[in-house]
Amino acid sequence: MAAVSSSIVTRNMADFAEQTGNVYMSVAVISKRANQISVKLKEELSSKLAEFATTVDNLEEVFENREQIEISKYYERLPKPTNLAIEEFLEKKIYVRNPSEEETQEETSL
């Protein structure tokens, strides 16, 4: 029997469709949120690593820069943006708005 990664979680598809009424729309919302989280994390990491940027590369500095390595390892150990977005979605921490539905509601109320 093959070992299953602990990052693999079985999910009920009905939970995804609950908020939007459509699994595919839910996946699109989760995808957009995961992209936002990813961009934010990359910006944070880049700004922290920018402090260590030097114009001169010599071998001594490479071996001495343990703090930079620790920062990189910290960000590698963080949960993946997709997992964070899924949790936010299932906990209803993401506001879902469908502009096409809002337009039809406005037309019917006129």
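What you are looking at is a predicted structure, and each value in this text was computed from that prediction instead of being measured. (Residues numbered from 1 in each chain as written. Predicted model: local features only at pLDDT ≥ 70, side-chain atom pairs only at ≥ 80, totals over all residues. Heavy atoms only, no water.)

**Some remarks on the packing of aromatic side chains**
The condition is simple: Geometry of aromatic contacts follows a simple scheme: Phe, Tyr and Trp rings, the Trp one being its six-membered ring, pair when their centres are within 6.5 Å, and the pair is stacked under 30 degrees between planes, edge-to-face over 60, tilted otherwise. Secondary structure elements are taken from DSSP: a helix is a run of H or I of four residues or more, a strand is a run of E of two residues or more, and numbering for both begins at the N terminus. Throughout this description, buried means an accessible area under 20% of the type-specific maximum (1.4 Å probe, protein chains only), exposed means over 50%, and partly exposed covers the range between.
Inspection of every chain in the model, using the stated rule, returns two aromatic pairs. Pairing F16 with F89 gives two aromatic rings, centres 6.5 Å apart and planes at 15 degrees, and the pair type is stacked. A residue pair is termed long-range when its members are at least 10 positions apart, and F16 in helix α1 (residues 13-20) and F89 in helix α5 (residues 81-90) qualify at 73 residues. Here F16 matches F89 in class, with each residue buried. Seen from their ring centres, Y74 and Y75 are 5.3 Å apart, and the 90 degrees between their planes marks the pair as edge-to-face.

**What to know about the side chain of T20**
Applied cut-off: Under this definition, polar contacts are N or O atom pairs within 3.5 Å; protein pairs additionally need one hydrogen-donor-capable and one acceptor-capable atom, and for neighbouring residues in sequence, both atoms have to be side-chain atoms. Residues are treated as being in contact if the distance between any of their heavy atoms lies within 4.5 Å.
Secondary-structure assignment places T20 in helix α1. Within the structure, T20 has its side chain in polar contact with the side chain of S26 (distance 2.6 Å). Beyond its immediate stretch of four places on either side in the chain, T20 contacts M25, S26, F89 and V96.

**Topic: helix α2 (residues 23-50)**
Because each turn of an α-helix spans 3.6 residues, side chains separated by three or four positions end up pointing in the same direction. Test applied: Any helix carries an expected span of 1.5 Å times its number of residues minus one.
Taking 1.5 Å as the rise per residue, α2 with 28 residues should run 40 Å; its terminal C-alpha atoms sit 40 Å apart, in good agreement. All buried positions along α2 are accounted for by S26, V29, I30, A34, I37 and S38. On its buried face, α2 sits against α1 and α5. Near the N-terminus of α2, the side chain that reaches the backbone nitrogen of Y24, with its oxygen 2.8 Å away, is that of N22.

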